[in-house]
Structures are given as structure tokens and as C-alpha cells.
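# Structural overview
The primary structure of each chain is shown beneath.
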Amino acid sequence: MSSTATVVAIVIIVLAIVAIAAVAISRHRRTEALRRRFGPEYERAVGEQHSRRAAERDLQDRERRHAELELKELDPRQRQRYAEQWERMQAHFVEEPEAATREADELVTKVMGERGYPVDDFDTRVQDLSVDHAETIGHYRDAHEINKVNERGQASTEQLRQALMHYRSLFAELLGDTGGGRPTPRHG
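Scope of this entry: the structure provided in the associated data block. (Residues numbered from 1 in each chain as written. Predicted model: local features only at pLDDT ≥ 70, side-chain atom pairs only at ≥ 80, totals over all residues. Heavy atoms only, no water.)

## Focus: a nonpolar patch on the surface
Selection rule: Patch definition: residues above 30% relative accessible area lacking any salt bridge, with like charges linked at up to 9 Å and the nonpolar side chains Val, Leu, Ile, Met, Phe, Trp and Tyr linked at up to 5 Å. Residue exposure ignores everything except the shown protein chains as possible cover, and the areas themselves are Shrake-Rupley values with a 1.4 Å probe. One side-chain nitrogen of Lys or Arg within 4 Å of one carboxyl oxygen of Asp or Glu is enough to make a salt bridge. Helix numbering and strand numbering both begin at the N terminus, where a helix is a DSSP run of H or I of at least 4 residues and a strand a DSSP run of E of at least 2. The cut-offs for exposure are 20% and 50% of the maximum accessible area for each residue type, with area from a 1.4 Å probe on protein chains only; residues under the lower value are buried, those over the upper are exposed, and the others partly exposed.
A cluster of nonpolar side chains, Val7, Val11 and Leu15, forms an exposed patch at the surface whose accessible area comes to about 270 Å². Structurally, Leu15 is set in helix α1 (residues 3-38). A relative accessible area of 54% places Leu15 in the exposed class.

Structural data, given as C-alpha cells:
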């Protein structure tokens, strides 16, 4: 082999190594960006998909769909009105925990719609919310599961109290109340 051919071969090998390294670095950066953005939702998506790549594609699809939504903040009057509705529903929990839990689900869904999230399908709601509310979306899933048990008349008062706490986490974020508001009452 001539020295020119050897140099060309070495250059091609080096370029291939550089290209492979660039792709690996790009994938690593994308993975880390998705992990930061989605937090625990990233690991959940990876666990549900057949591969990390498929999970990351799903999360990127969520980001694209979310970018197309026309989301808005609530104005102070809306925020106050919803906070008051939450307080009434929460006080109602002591007397009728089953009804209050259903009301909490309806109120959270109403606020989502008011903010501009599509609310027709639970799975779509979760995916759209996960982009901005990845840390609390697990609470919403848990509340929804308990509410399904409640609809069958099989939820304990403690489960219903837990559901209210879970709903409250997302509700506070949707309202812009990162402090979480008042605690959910315990019902004995």
C-alpha cells in the first residue's frame, strides 16, 4: 500500500471515529436534556417503551405537540375563583369524601381546559401536562387511579384523602401556586 493510500485510509478512519463520537455526544446530550425536562416521567417512558430510543421519540413528540398548544396563564380573578372553589370542595370532603374527590377531578380538568390543554382523553392530558409538569404528573396519575376506584364505590376514606392531596399538587401548579396552598384535611 502506498503512503498516500495509507494517509487516505487513516483520514477516513479518523473521520469515521469523529462522526461516531459526534453522534454519541449528540444522543447523550439529547438524553440528558430529556431527563432534565421530564424528570421521573423520563424513566417511566423508558420503562413503558421497548427501547430508550422509542421512549425518547415519544417524549420529543410530546414536546412538539405541546409546542402547538395555545396555553395561557390564568388571570388573577380566575385564579382566585378556582382557589375558592377548591376550598369549598376541600371543606365538602369532611361530609362527603367520595363526592369531593369527584369534584376535585372535575375542577382540575376544568382548570386544564381553561389553561388551554386538551381535556377529552386522559392519556393525552397526561402526555401534554408531562412537558411542563413532569414532577407532579405522577400525582395526577395516582389521583386518577384512586378516583376510578372511587367510581366503583371501593375507595377508602384514606385513599380519597390521598387522591385529594395528589390532585392538589397539580392543581396548585396549574394555578401558579407553587407553595401548594393549604393542606388537605384529614378525615377520621
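## Quick notes on the packing of α1 against helix α3 (residues 52-68)
In a packed pair of helices, the relevant descriptors are the angle between the two axes and the axis-to-axis distance. Threshold: Only the stretch in contact is used when fitting a helix axis, every axis being a line fitted to C-alpha atoms; angles between N-to-C directions are given from 0 to 180 degrees. Roughly parallel refers to an angle under 35 degrees, roughly antiparallel to one over 145, roughly perpendicular to one between 65 and 115, and oblique to any angle outside these ranges. Take the far helix as the reference: if the near one is turned anticlockwise from it by less than a right angle, the crossing is left-handed, and if turned clockwise, right-handed. Contact criterion: two residues are considered in contact whenever any of their non-hydrogen atoms come within 4.5 Å of each other. Only Asp, Glu, Lys and Arg are considered charged in this grouping, and only Ala, Val, Leu, Ile, Met, Phe, Trp, Tyr, Cys and Pro are considered nonpolar; every other residue, Gly among them, is considered polar.
Two elements in contact, α1 and α3, have axes whose closest approach is 11 Å; the angle formed by their N-to-C orientations is 60°. In terms of orientation, α1 lies oblique with respect to α3. Every pair of crossing elements has a handedness; the one defined by α1 and α3 is left-handed. Together, Arg27, Arg30, Thr31, Leu34, Arg35, Arg37 and Phe38 of α1 and Arg52, Arg53, Glu56, Leu59, Gln60, Arg62, Glu63 and His66 of α3 make up the contact between the two elements. Across the contact of α1 with α3, the residue classes tally to three nonpolar, three polar and nine charged.

## Section: the nonpolar core
Definition in use: Here, nonpolar core refers to any group of buried Ala, Val, Leu, Ile, Met, Phe, Trp, Tyr and Cys residues whose side-chain atoms link them within 4.5 Å.
Counting residues in hydrophobic clusters, the biggest one holds 30 residues, and the most contacted among them are Val108 and Tyr140. Put simply, the parts of the chain that give this core at least two residues each are α4 (76-95), α5 (97-115), α6 (122-132), α7 (137-151) and α8 (157-175). The element that contributes the greatest number of residues to this core is α8, accounting for eight residues. When neighbours within four sequence positions are excluded, Val108 is seen to be in contact with Trp86, Tyr140, Tyr167, Leu170, Phe171 and Leu174. Formed by eight residues, the second largest nonpolar core is a distinct cluster that contains Phe38, Tyr42, Val46 and Ala55.

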